[in-house]
Amino acid sequence: ENYAQPSLPAGVEADVIKGLYRYAEHRAADPRGTVRLVGSGTILREVIAAAELLAADWGIEAEVWSATSFSELARDAREVERFNRLHPDAPARTSHVQQCLAGEDPVIAATDYVRAWPQLVASYIDAPFIALGTDGFGRSDTRRRLREFFEVDAASIVQAALQALRRPRRG
């Protein structure tokens, strides 16, 4: 699929290599909540559109994150987890994904791969986490309809974000 890549924000080059960087933040005039939207591949464009809809139509602020490698994020998180387990007297380390997505605001991760791919990092995030992906193939005649079918289009991402905000917080 040919499309223009979004411009890379200044100063995020190292985070791109680590697997996750903050692309943008969408503020709402009268905020009623905050979510973190993570997109990978072509679905980043859907995530950006969802963030705009959430801010404009729902008063929900959204951070937009671009996942360049869920496998790299998971690998780093496992290494940090192992280090902390084997070195209980050393200062605890924090993985890149934990640093980026710290806090309790819900995280919705969308990809044009299977949901299992973003799910690799779910256990390392303390916030409510929803993974969206295309678990199958050959279901539609256009990309737009395929994204609607697998619920990785902007409207489905908005719906997942609103649903995540309704869930009670862990306590």
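Residue positions are given per chain, counting from 1 as you read along its sequence in written order. Side-chain atom pairs in this predicted model are given and counted only at pLDDT of 80 or more, local residue features only at pLDDT of at least 70, and totals for whole chains, interfaces and linings cover all residues. Note that the side-chain values use all heavy atoms of the structure and ignore hydrogens as well as water.

K.L.:
How do you make sense of the overall build of the protein when you look at a structure like this?
P.N.:
The helix and strand inventory of the protein stands at seven helices and five strands. Here a strand is any run of E in DSSP of at least two residues, a helix any run of H or I of at least four, and the numbering for each starts at the N terminus. In the protein, the succession of helices and strands from N to C terminus is α-β-β-α-β-α-α-β-α-β-α-α. Our radius of gyration is a C-alpha quantity, and the globule rule it is checked against amounts to 2.2 Å times the number of residues to the power 0.38. In summary, the protein has a C-alpha radius of gyration of 16 Å against a globular reference of 16 Å for 171 residues, a match within 12%. With the C-alpha coordinates aligned to their principal axes, the bounding extent of the protein is approximately 55 × 40 × 35 Å. With a 1.4 Å probe rolled over the protein chains alone, any residue whose accessible area is under 20% of its type maximum counts as buried; one over 50% counts as exposed, and the rest are partly exposed. Counting the 171 residues in the protein, one finds 43% classified as buried. By sequence separation, contacts in the protein at least 24 residues apart represent 67% of the contacts at least 6 residues apart. Side-chain charges in the protein split into 21 positive and 24 negative, and the spacing between the mean points of these groups amounts to 4 Å. Should any heavy atoms of two residues lie within 4.5 Å, those residues are counted as being in contact. None of His or the chain ends enter the tally, which takes Lys and Arg as positive and Asp and Glu as negative. Lysine's charge is taken at NZ, arginine's at CZ, aspartate's at CG and glutamate's at CD.

K.L.:
Just to check I follow, could you spell out helix H3 (residues 70-86) for this structure?
P.N.:
One full turn of an α-helix is made of 3.6 residues, so residues set three or four places apart face in the same direction. For H3, built from 17 residues, the straight-helix expectation of 24 Å at 1.5 Å per residue is met to within 8% by its first-to-last C-alpha distance of 24 Å. For H3, the set of buried residues is Phe 70, Leu 73, Ala 74, Ala 77, Val 80 and Phe 83. Between the first and last residue of a helix there are one fewer steps than residues, each counted as 1.5 Å, and that sum is the expected span.

K.L.:
Quick question: what am I supposed to make of the side chain of Ser 95 here?
P.N.:
Among the structural elements, Ser 95 can be located in the loop between H3 and helix H4 (96-100). Looking at Ser 95, the relative accessible area reads 0%, which means it is buried. Within 3.5 Å is the distance limit for a polar contact, defined as a pair of N or O atoms, with the added protein rule that one can donate a hydrogen and the other accept it, and that residues adjacent in sequence qualify only through two side-chain atoms. A polar contact of 2.9 Å, which involves the side chain of Ser 95, links it to the side chain of Gln 98. In this structure, Ser 95 is in contact with Asp 76, Ala 77 and Val 80, ignoring residues within four places of it in sequence.

K.L.:
Is there a simple way to think about the sheet that holds strand E4 (residues 107-110) in this case?
P.N.:
What links the strands of a sheet is backbone hydrogen bonding, and the strands pair in either a parallel or an antiparallel sense. The rule for pairing is simple: two strands pair if DSSP sees at least two bridges between them. Pairing in this open sheet of five strands is mixed, and the strands run E1-E3-E2-E4-E5 from one edge to the other. On the outer flanks of this sheet lie strand E1 (20-26) and strand E5 (129-132), each paired with one strand and no other. The sheet shows a mean angle of 20° between the axes of neighbouring strands, direction not considered. In this sheet, strand E3 (residues 61-67) lies alongside E1 in antiparallel orientation, the contact comprising six bridges. Counted as the bridge partner of Ala 24 is Val 64 from E3. The axes are straight lines fitted to the C-alpha atoms, using for helices just the contacting stretch, and the angles between their N-to-C directions are given from 0 to 180°.

K.L.:
Help me out: how do you make sense of the environment of Val 12 in this one?
P.N.:
On the secondary structure map, Val 12 appears in the segment before helix H1 (13-18). Judged by its relative accessible area of 9%, Val 12 falls in the buried class. With near-sequence residues (within four places) excluded, Val 12 lies in contact with Tyr 21 and Arg 22.

K.L.:
When you look at the nonpolar core in this model, what are you seeing that I'm missing?
P.N.:
Across soluble globular proteins, nonpolar side chains have a tendency to be buried as a group. Residues grouped as a nonpolar core are buried Ala, Val, Leu, Ile, Met, Phe, Trp, Tyr and Cys residues, joined through side-chain atoms within 4.5 Å. If you look at the biggest cluster of nonpolar residues, it comprises 23 residues, and the most contacted ones within it are Val 35, Leu 37, Val 47, Leu 54, Ile 108, Leu 132 and Ile 157. Contributions of two or more residues to this core are made by strand E2 (34-39), helix H2 (44-58), E3, E4, E5 and helix H7 (154-166). Contacts of Leu 54, omitting those with residues within four sequence positions, involve Val 35, Leu 37, Gly 59, Ile 60, Val 158, Ala 161 and Leu 162. Residues Leu 73, Ala 74, Tyr 124 and Ala 131 belong to the second largest nonpolar core, which totals 20 residues.

K.L.:
Explain the environment of Leu 53 here, please?
P.N.:
Within the secondary structure, Leu 53 sits in helix H2. Judged by relative accessible area, which is 34%, Leu 53 ranks as partly exposed. Sequence separation between Leu 53 and Gly 39 is 14 residues; the distance between their C-alpha atoms is 15 Å. When neighbours within four sequence positions are excluded, Leu 53 is seen to be in contact with Trp 58, Ala 154 and Val 158.

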